[in-house]
Amino acid sequence: MKVRSSVFASLILIFEVIGVALFLRGFFPVPVKSSFSSKSLNLLQLTKYPLFKRVVVMLVDALREDFVFGPSGRMFMPYTRHVVERGSSHSFVAKARPPTVTMPRIKALTTGSIPGFIDVVMNLNSPALLEDNLIWQAKTAGKRIVFYGDDTWVRLFPKHFMEYDGTTSFFVSDYTEVDNNVTRHLDSTLKRDDWDIMILHYLGLDHIGHISGPHSSLIQPKLLEMDDILKKIHSALISKEAEGSLPYLLVLCGDHGMSETGSHGGSSEPEVNTPLVLISPAFKRKVGMEKPGVVEQVDLTPTLALGLGLPISQNSVGRLIPGVLEETSLRDQLRFLHLNGHQLSCLLKDSVLEYEKEAGFEQFRVAEKAHGNWMKLYLEGNTSEVLTNMGKKVLKQYLEALAAMSSALSKQLGKYDMYSMIAGMVFVFQLLLVLLLAMPEALSGGAAVDLPVLSSLLSLPFYLLCLLLASVHVLVCTSAESSCYFCSLSWGLVFAAVAFSSAMFCILVSIATRRLPLGPKIRGKWSLSELDVLLLAGTIGHTLSLAASSFVEEEHQTWYFLLNTLCLGVFQDVCRKYFREQRGSGEEEEHLLPSKDCHASDHPKAEIYSEKWLALATPPFTLVCCRLLRSLNQTGVQWAHLPDVGHWLNSSEHKMVLSLLSAFCLVLIYLLVQRRCSWVSKVALALGLLGVYSYRAAVGSVLFPWQHSSRTTSKGTVEARFVYVFVLGILFTGTKDLLRSQIITADAKLKSRGLWEIYSGLVLLVSLLFRAHNLPVLCCCLLIQTLMAQFIWKKLHYDAAQTTIMHYWFGQAFFYFQGNSNNIATVDISVGFVGLESYVEAPAIFLTALSTYAGPLLWVCHLVCYLSSERDRSPVAVGHGCYCLALMRSVPAAAYIVLVTVLRYHLFIWSVFSPKLLYESMHLLLTAGVCLIFNTMEQSHSSSKS
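Residues numbered from 1 in each chain as written. Predicted model: local features only at pLDDT ≥ 70, side-chain atom pairs only at ≥ 80, totals over all residues. Heavy atoms only, no water.

As annotated in an unreviewed UniProt entry, the protein chain carries the name GPI ethanolamine phosphate transferase 2 C-terminal domain-containing protein and comes from Amphiprion ocellaris. According to the UniProt record, the Pathway (unreviewed entry) comment for the protein chain reads "Glycolipid biosynthesis; glycosylphosphatidylinositol-anchor biosynthesis." On record in UniProt, under Subcellular location (unreviewed entry), the comment for the protein chain is "Endoplasmic reticulum membrane". (UniProt positions renumbered as here; feature names shortened; annotations may be inferred.)

Structure follows, in structure tokens:
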């Protein structure tokens, strides 16, 4: 059955979306909810005797545990450290589960459950939290709650607070007013008696981390400020304490930590380890510094719930912190532990099919039975030591059961629907292979694909595969330990999926058989050179390497290796052309260095030889640049903590060196970019780059010669907006020239100039967003692009496919040269607020994404400009890459490849090998499919012209 290329590609893309949707449904499974909410009223009666009258939660965003418990704790937070060492307190290191982002951490603290990676996206616009949580339970019980701080709480819990004042959490340039707006309410609120729970969420420390990292000079003043606030709250609570009343509880905690670069979101120790300090006169007074115990962050939820006499959130996987109960009677301790165990056992029943086989569940039943026997003896008035020892034994059994059940539930919530994920991946890989095998035929003159659909459906292997896959489906669904989404589908949908997969496999085998040497020859079959083999093997090998999590974490190493190998391969081609071919006939030597019009006679002999040596020097120079850029920013997971050149440049002692380096890079950027611009854009570019340096000087990154390093800094809003004006001006000029060339006059030179001006505007914007120490990355990017375009791609007559894949490799390598990784913690969100006075969602997201993916975007834009200008100047050798040229010749196609590059790490899934491998394959699938569509459009357009 013959199908047009465009229809074939469209069908492939539609089915591919279905496969990806099935995979995502397995990767983001709907969490299992507990069904014991109907028992909340009974639990409320059981917990009507609270331990604390008032609770104050002081949450300091991005508070690392070493800021309190580390060697610098006495210097950063002296009062807090004194209370930890000598006061009535308990200290713990609370471990936060990734993703270590604010909204998921707030959900964990209030519900006791473990949020998933999808909450990273929801963090940008948090909806109301409908799941059972501590705040709702407190409001239902009549507790009066006041809140000041991060407005994420207000969005998660609307109409829950008696009094609140929210502050914007995303405007990271502000680290002063955002905390002052919280503290200004303290004096009046602490004097009042009309509240039971007060929650304070301070954001300043987190903002400082995003701006300048955990070792900034701004960290200590901010921590001292937080320490003074804690002292004020503690003193006020002590003064309001009445004789005979229930004690207060003051909680100091962090939602997540801070990486060595100041970001968060990943799973490194500095990001997941947060301090948890519980202060109350109900605790024993300490006599010295003790090593903090380790608890899970979700353990705070049941502890606060039982401490306030509230039911535990039904989906909480946390367990009660035993130290809180140390001064209560043994009977009360056992009662509280039993309540926690009952809640966990109910959740375990709803989450695990064979819950009775869980060790924790069995331990809880044994402890519960022993607890009943103990209560009988207790109520009979037995006061012997045997009863005490028996009670301690039951206490130990409860603690062991709680730990086991909590661990089992945490693992269960972290499980993925592997069956749905594997089914989705099989669909996508089948489609990818069919598309790749059909590519030569689809790109032939007929622009059609002959699919053996009917013969496949009538073949015996098709029916055997259907039976085999149906048997596997039945076996998996009947023996699965937990429910699978694919198993919940109707048999009609399952049969359609099984038939489709079987048919795709038969079609795949048929097409592969036709491609064998014994099969019929396809006109236009590709011939591969050594460089083609390298590019193809490298791209496919990189995709396959992502099946291992270590290669995902250290993906930059793969790209660095591939880029170095590519440079050596290109150097071999250069040597072969300029030395090996030189020994040939005189006719070949005459065309040794073809010029733009392919006539070597127009070049003086000296210029020919200078071009030859520059071409020979380009690959080694590229290798040197790549090696230097590797040392600029440490990335990945294993060695990200090691010092690098970027840290050295950003230190205050080397600010003058950074200033000189930044000025040199900006001058070189201007010289490299301005060559293809109009004189108006050249002037705007020069003034814009001057504004970039002024902005960096205003924020304190660099210095002008007449400035002192001790001067006060600003946000640089005026300077940044000054640059934005010139960026918009250059983009407007380039867009105007591009539209004129397409609508008014078919001027290829005007079109090329318009594209290059748009590219120069993008370079100016990126130079503003890049931190000062990263300007050499941009400078080397432009320099390598210029040299490769002038002396390699053009002179060696590389076709569009080879040039496209090289651009892709360079773009991915420069993504990591910037200091990025597959860890969300390396995303620098502070650039989203360059030039903004307040948080505006759309420009903040755009600027953050542009800065993060600047490397790939610049290489994609350069590819569009280069192929367009070369096609208009002289026909580029398209060969087997004609589809790439067709793709680049339209503005929608250029927008597509930019979009694919930006969304390369979909949803920031950085640590699981299956999504990474799938998305890399999906990237190749999307590129190939859309290329086919645009190739058919080009051929149709050419046919209509002729």
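Once the structure has been displayed, the description carries forward.
1. Re the side chain of Ser 851
Positionally, Ser 851 belongs in helix α36 (residues 841–852). Those residues in contact with Ser 851, other than ones at most four positions away along the chain, are Leu 769, Phe 770, Gln 818 and Val 831. (Helix = DSSP H or I, 4+ residues; strand = E, 2+ residues; numbered from the N terminus. Contact = heavy atoms within 4.5 Å.)

2. Quick word on helix α12 (residues 204–212)
The buried fraction of α12 amounts to seven of the nine residues, a majority that puts the element mostly inside the structure. Considered for burial, the residues of α12 that qualify are Gly 204, Leu 205, Asp 206, His 207, Ile 208, Gly 209 and His 210. Just past α12, the residue Gly 213 takes up positive phi, approximately 90°. (Buried < 20%, exposed > 50% of the residue type's maximum accessible area, 1.4 Å probe, protein only.)

3. A look at the packing of helix α34 (residues 775–793) against helix α35 (residues 800–817)
Put simply, α34 and α35 touch, their axes get as near as 11 Å, and they point 165° apart. The angle between α34 and α35 places the two elements in the roughly antiparallel class. As for how α34 packs across α35, the hand of that crossing is right-handed. Along its contact with α34, which presents Val 777, Cys 780, Cys 781, Ile 784, Met 788 and Trp 793, the element α35 presents Thr 803, Met 806, His 807, Phe 810, Phe 814 and Phe 817. Among the residues forming the contact of α34 with α35, the class breakdown is 10 nonpolar, two polar and no charged. (Axes fitted to C-alpha atoms, helices over the stretch in contact; angles between N-to-C directions. Parallel < 35°, antiparallel > 145°, perpendicular 65-115°, else oblique. Left-handed = near helix turned anticlockwise from the far one by under 90°. Nonpolar A, V, L, I, M, F, W, Y, C, P; charged D, E, K, R; others polar.)

4. Section: the pattern of salt bridges
Scanning the model with the defined rule gives 23 salt bridges in all. Among the salt bridges present, the one from Glu 85 reaches Arg 81, with a minimum N-O distance of 3.1 Å. Placement of the pair is Glu 85 and Arg 81 together in helix α5 (residues 78–86), with a separation of four residues, close to one helical turn. The exposure class of Glu 85 is buried, given its relative accessible area of 12%. Of the charged contacts in the structure, one is a salt bridge between Glu 611 and Lys 795, with a shortest N-O distance of 3.7 Å. (Salt bridge = Lys/Arg side-chain N within 4 Å of Asp/Glu carboxyl O.)

5. Details of the pairing of strand β4 (residues 145–150)
Residues in a regular strand project their side chains so that they alternate between the two faces of the sheet. The buried count for β4 comes to six of six residues, which makes it a mostly enclosed element. One ladder, built from five bridges, connects β4 with strand β6 (residues 197–202); its direction is parallel. Looking at β6, one finds that Tyr 148 is bridged to Leu 200. With five bridges joining them, β4 and strand β5 (residues 163–167) adopt parallel strand pairing. If you follow Gly 149 over to β5, its bridge partner there is Gly 166. (Pairing = 2+ DSSP bridges.)

6. Remarks on the confidence of the model for the protein chain
Per-residue confidence for the protein chain gives a mean pLDDT of 81, with 82% of residues at or over 70. In the predicted structure, residues 38–47 sits below a pLDDT of 50 and forms 17 contacts with residues beyond four places in sequence or in another chain. (pLDDT = per-residue confidence, 0-100.)

7. A closer look at the environment of Val 645
With respect to the secondary-structure elements, Val 645 resides in helix α29 (residues 645–650). For Val 645, a relative accessible area of 35% puts it in the partly exposed group. Filtering out sequence-adjacent residues up to four positions away, Val 645 remains in contact with Ser 631 and Leu 632.

8. Concerning the environment of Trp 809
As for its position among the elements, Trp 809 is in helix α35. On the basis of relative accessible area, Trp 809 is assigned to the buried category, the value being 0%. Sequence spacing of Trp 809 and Trp 559 is 250 residues, and the spatial spacing of their C-alpha atoms is 7.1 Å. Non-local contacts of Trp 809, meaning those with residues more than four positions away in its chain, are made with Leu 534, Leu 535, Gly 538, Thr 539, Trp 559, Leu 562, Leu 563 and Leu 566.

9. As for empty space enclosed by the protein
Counting across every chain of the model gives seven cavities of 30 Å³ or more. For the largest cavity, the calculated volume is near 160 Å³. Val 57, Leu 134, Ile 135, Ile 199 and Leu 304 are, among the 15 residues lining the largest cavity, the residues nearest its centre. Of all the elements in the fold, those that place two or more residues in the lining of the largest cavity are β2 (54–60), α6 (102–111), α8 (134–140), β6 and α15 (300–307). A per-element tally of the lining of the largest cavity places α8 first, with three residues. In terms of residue class, the lining of the largest cavity is made up of 14 nonpolar, one polar and no charged. The calculated volume of the second largest cavity comes to roughly 110 Å³. Of all the secondary structure elements, the ones that give two or more residues to the lining of the second largest cavity are α30 (655–673), α33 (748–769) and α34. Broken down by element, the residue count for the lining of the second largest cavity peaks at four residues, all from α34. (1 Å grid on protein atoms, 1.4 Å probe; cavity = no way out; pocket = protein on both sides within 12 Å on 5 of 7 lines; lining within 4 Å. Points joined across faces, edges and corners; volume = space filled by probe spheres on them.)

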